Amino acid sequence: MMTAVFPGSDRLSDEQVVGRVLAGEPELYELIVRRYNRRLYRTIRSIVRNESDVEEIMQQAYVQAYEHLGQFEGRASFGAWLTRIGVYAAFAHARRSKR
């Protein structure tokens, strides 16, 4: 599926994708979304029960990750870094909802 949109992209590591996005190929960020969408959904869904809120938080997490992509240092896997952003966004949403 990804190869039709981005030929050879299945051979790119997350770090290579991040590097290329930062170097001026922002369209490759879609690869990150495709690779981690299911994982991010399941993680956020375990924290937030409202389906529409889950979708909103996922979008927020992807935007935050994109905006801070230059801060990814590779100390943890990219998937862990992105998931952590999603978890923080989900908990922030849950706190706001309680008020």
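Scroll up to find the structure.
Note on numbering: residues in each chain are counted from 1, in written sequence order. Local features are withheld for residues below a pLDDT of 70 in this predicted model, meaning they are given only at 70 or higher, and side-chain atom pairs are given and counted only at 80 or more; totals for whole chains, interfaces and linings count all residues. Side-chain numbers come from the whole structure's heavy atoms, not from hydrogens or water.

Draft legend 1. Region of the structure containing the environment of Arg-96. Numbering goes from the N terminus for both helices and strands, where a helix is a DSSP run of H or I of at least four residues and a strand is a run of E of at least two. Relative to the elements of secondary structure, Arg-96 occurs in helix H5 (residues 78–98). Working definition: with a 1.4 Å probe on protein chains only, accessible area under 20% of the residue-type maximum means buried, over 50% means exposed, and in between means partly exposed. Judged by relative accessible area, which is 43%, Arg-96 ranks as partly exposed. For the pair Arg-96 and Val-54, spaced 42 residues apart in sequence, the C-alpha to C-alpha distance is 14 Å.

Draft legend 2. The arrangement of the packing of helix H4 (residues 51–67) against H5 in detail. Close contact between H4 and H5 brings their axes to 9 Å; oriented N to C, the two are set at 130°. Relative to H5, H4 is oriented oblique. Crossing geometry of H4 relative to H5 is assigned as right-handed. Judged by residue contacts, Asp-53, Ile-57, Gln-60, Ala-61, Tyr-62, Gln-64 and Ala-65 of H4 engage Trp-81, Leu-82, Ile-85, Gly-86, Ala-89, Ala-90, His-93 and Arg-96 from H5. Following the grouping adopted for this structure description, the nonpolar residues are Ala, Val, Leu, Ile, Met, Phe, Trp, Tyr, Cys and Pro, the charged ones are Asp, Glu, Lys and Arg, and the polar ones are all others, Gly among them. Its residues placed into classes, the contact of H4 with H5 shows 9 nonpolar, 4 polar and 2 charged. Comment: axis = line fitted to C-alpha atoms, over the contacting stretch for helices; angle = value between 0 and 180 degrees taken between N-to-C directions. Roughly parallel means an angle under 35 degrees; roughly antiparallel, over 145; roughly perpendicular, 65 to 115; everything else is oblique. Should the near helix be turned anticlockwise from the far one by less than a right angle, the crossing is left-handed, and should it be turned clockwise, the crossing is right-handed. Whether two residues are in contact is decided by their heavy atoms: any pair within 4.5 Å suffices.

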